[in-house]
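A structural walkthrough
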Amino acid sequence: PGQDVIVVLEDGAGATRTIVVPAGFTGDRELDGAPGLRRLDLRRTGPQAGDRAATSVFEDPGFHPGSVSVMTLVLDGSAAIDNLRFVPSAPGPAWRVRRGPGLVELGPR
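Scope of this entry: the structure provided in the associated data block. On a predicted model such as this, the values are computed, not experimentally measured, just so you know.

What the protein contains, in helices and strands, is 1 helix and 6 strands. When each of the 109 residues of the protein is scored for burial, the buried share is 30%. In the protein, the share of contacts with a sequence separation of at least 24, taken over all contacts with a separation of at least 6, comes to 54%. In the form shown here, the protein has an accessible surface area of approximately 6900 Å², with 52% of it arising from carbon and sulfur atoms.

Here is the structure:
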């Protein structure tokens, strides 16, 4: 069975936009012949339709998408992230990637 992925974008003031990507968003090659991949647009503030499920978006009041400095991905189980591209809108002197069980975080050092 597929697993959810949670994407958290944090701006310079600590406000967040959280995107919940449910199992079924990308489809399942074995179950329904879907490609098993789908682009997620982090700029969208509403739900994004997937193959069998749509995303949910929650945003703190005052979240400023033009100053995102940290992106955190929380993986529930055996999910995978492919072709990840994160171009922060807030310049930083150096960036780090922190990994842990079920966690990938990109942000300033």
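Here the narrative resumes.
Core analysis: the biggest nonpolar cluster contains 13 residues, and Val-5, Val-7, Leu-9, Ile-19, Val-21 and Phe-63 have the highest contact counts within it. Elements that contribute at least two residues to this core include exactly strand S1 (5–11), strand S2 (16–21) and strand S4 (68–75). The greatest single-element share of this core, amounting to 4 residues, is contributed by S4.

What follows concerns the pattern of salt bridges. Within this structure, the stated rule accounts for 2 salt bridges. Here Glu-59 and Arg-17 are joined by a salt bridge, their closest N and O atoms 2.6 Å apart. Placement of Glu-59 in strand S3 (residues 56–59) and of Arg-17 in strand S2 is noted, with a sequence separation of 42 residues between them. Residue class for Glu-59 comes out partly exposed when judged on its relative accessible area of 40%. The shortest N-O distance in the salt bridge between Asp-41 and Arg-43 comes to 3.1 Å. A relative accessible area of 70% means that Arg-43 is categorised as exposed.

Before going further, it helps to spend a moment on the pairing of S2. Counting buried residues along S2, 5 of its 6 residues qualify, which places the element largely inside the surrounding structure. Pairing between S1 and S2: 6 bridges, direction antiparallel. The partner of Glu-10 across the bridge, within S2, is Thr-16. Note that S2 and S3 share 4 bridges and pair antiparallel. Bridging across to S3, Ile-19 finds its partner in Val-57.

What counts, and at which threshold
- Per chain, residue numbering runs from 1 following the sequence as it is written.
- Only residues with pLDDT of at least 70 are given local features in this predicted model, and only at 80 or more are side-chain atom pairs given and counted; all residues enter the totals for whole chains, interfaces and linings.
- Only hydrogens and water are removed before side-chain values are computed, so all heavy atoms of the structure are retained for them.
- Segments assigned H or I by DSSP are reported as helices when at least four residues long, segments assigned E as strands when at least two residues long, and all are numbered from the N terminus.
- Note on exposure labels: buried denotes an accessible area under 20% of the residue type's maximum, exposed denotes more than 50%, and partly exposed covers the range between, all computed with a 1.4 Å probe on protein chains only.
- Contacts are assigned to residue pairs with any non-hydrogen atoms lying within 4.5 Å of each other.
- Accessible surface is estimated by sampling points in the Shrake-Rupley manner with a 1.4 Å probe; for residues, cover comes only from the protein chains shown.
- Nonpolar cores are built from buried Ala, Val, Leu, Ile, Met, Phe, Trp, Tyr and Cys residues. Side-chain atoms within 4.5 Å join them into one set.
- Whenever a carboxyl oxygen of Asp or Glu lies within 4 Å of a side-chain nitrogen of Lys or Arg, that contact is scored as a salt bridge.
- The pairing criterion is simple: DSSP has to find at least two bridges between the two strands.

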